[in-house]
Amino acid sequence: MKAVLVIDMLNDFIDPRGALYCGESARRIILRVRDLVDSFAAGHGLIVYLRDAHDPQDKEFQLFPPHAIAGTWGGQVIPELTPPPGALVLDKTRFTAFYRTDLERVLAEAHPEEVWVTGVVTSICVMDTVGDLRNRDYTPVVPVDAVADFDPQFHEFALKRMERVYGAKLVGEHGVAVAMDERP
Ligand SMILES: [Zn+2]
């Protein structure tokens, strides 16, 4: 079986009124993430949403403006991506989805042969999570049209680095593998 992670598709990142809005490129991935979640649900895959859930005094706010404070509108999953029945929603407080969350245990129990990683931000939470998946011997898959970044250059660099360093499989719109060098 396969697993899909949906990272930080929250109002503060994806809604234009959000505190750390990632821009149009992030809005463009919503439908693709929805399609992936629905197809994993139909195929009895494991679906795990990761949600930034910060304390108002969180030290991460030395690096970024306050965002995704636990229990606020900004920290909620966007309405377009309401988790389907059976999906898990795990709160996190740092970039990687593994830091002080249940993800390690959840994946160890499920033994997925692939872990698809979607959401924002490509060069931050997505890349750190993909690295930590590889460090645990999982095979990460990154659908390139289901991840987004504030910065298009960081986005491209992060995809390339995940492919080369972590052996992430990059896939395009129809699930076809795309090597970075073949991309326009
Ligand atoms: Zn955060």
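Let us look at the structure shown here. Quick caveat, the model's predicted, so the values are computed rather than measured.

Cut-offs and rules
- Residues numbered from 1 in each chain as written.
- Predicted model: local features only at pLDDT ≥ 70, side-chain atom pairs only at ≥ 80, totals over all residues.
- Heavy atoms only, no water.
- Phe/Tyr/Trp six-rings, centres within 6.5 Å; stacked < 30°, edge-to-face > 60°.
- Helix = DSSP H or I, 4+ residues; strand = E, 2+ residues; numbered from the N terminus.
- Buried < 20%, exposed > 50% of the residue type's maximum accessible area, 1.4 Å probe, protein only.
- Salt bridge = Lys/Arg side-chain N within 4 Å of Asp/Glu carboxyl O.
- Contact = heavy atoms within 4.5 Å.
- Donors = N, O, S within 2.8 Å, 3.2 Å for Na, K, Ca; no water.
- Tetrahedral: all angles 85-135°; square planar, octahedral: opposite > 155°, others 65-115°.

## Considerations on the packing of aromatic side chains
In step 1: Within this structure, the stated rule accounts for two aromatic pairs.
In step 2: Ring centres 5.9 Å apart and planes at 70° place the aromatic pair Phe 40 and Trp 116 in the edge-to-face group. Of this pair, Phe 40 sits in helix α3 (residues 30-42) while Trp 116 sits in strand β4 (residues 114-120), placing them 76 residues apart in sequence. With respect to class, Phe 40 is no different from Trp 116; both count as buried.

## Things to note about the pattern of salt bridges
In step 1: Under the criterion given, the structure shown has 14 salt bridges.
In step 2: The closest approach of N and O atoms between Glu 80 and Arg 27, which form a salt bridge, is 3.3 Å. Here Arg 27 lies in helix α2 (residues 24-27) and Glu 80 lies in the loop between β2 (46-52) and β3 (88-92), a separation of 53 residues in the sequence.
In step 3: The shortest N-O distance in the salt bridge between Arg 105 and Asp 102 comes to 3.2 Å.
In step 4: Residue classification places Arg 105 among the partly exposed residues on the basis of a relative accessible area of 43%.
In step 5: In this structure, a network of salt bridges that share partners links the residues Lys 2, Glu 114 and Lys 169.

## Description of the side chain of Thr 129
In step 1: Of note, Thr 129 is situated in helix α5 (residues 122-135).
In step 2: Judged by its relative accessible area of 0%, Thr 129 falls in the buried class.
In step 3: Apart from residues no more than four positions distant in its own chain, Thr 129 is found in contact with Leu 5, Ile 7, Phe 95, Thr 96, Ala 97 and Phe 98.

## Some remarks on the coordination of the zinc ion
In step 1: Summarising the metal site, the zinc ion is bound by the protein donors Asp 52 (OD), His 54 (NE2), Glu 60 (OE) and His 67 (NE2), whose distances to it range over 2.0 to 2.1 Å.
In step 2: Around the zinc ion sit four donor atoms; with metal-centred angles ranging over 89 to 165°, the donor geometry is irregular.
In step 3: Positions of the donor residues of the zinc ion, expressed as sequence spacing, correspond to D-x1-H-x5-E-x6-H. Within this pair, whereas Asp 52 is found in strand β2, its partner His 67 is found in the loop between β2 and β3, the two being separated by 15 residues in sequence.
In step 4: On the basis of relative accessibility, which here comes to 3%, the residue Asp 52 falls in the buried class.

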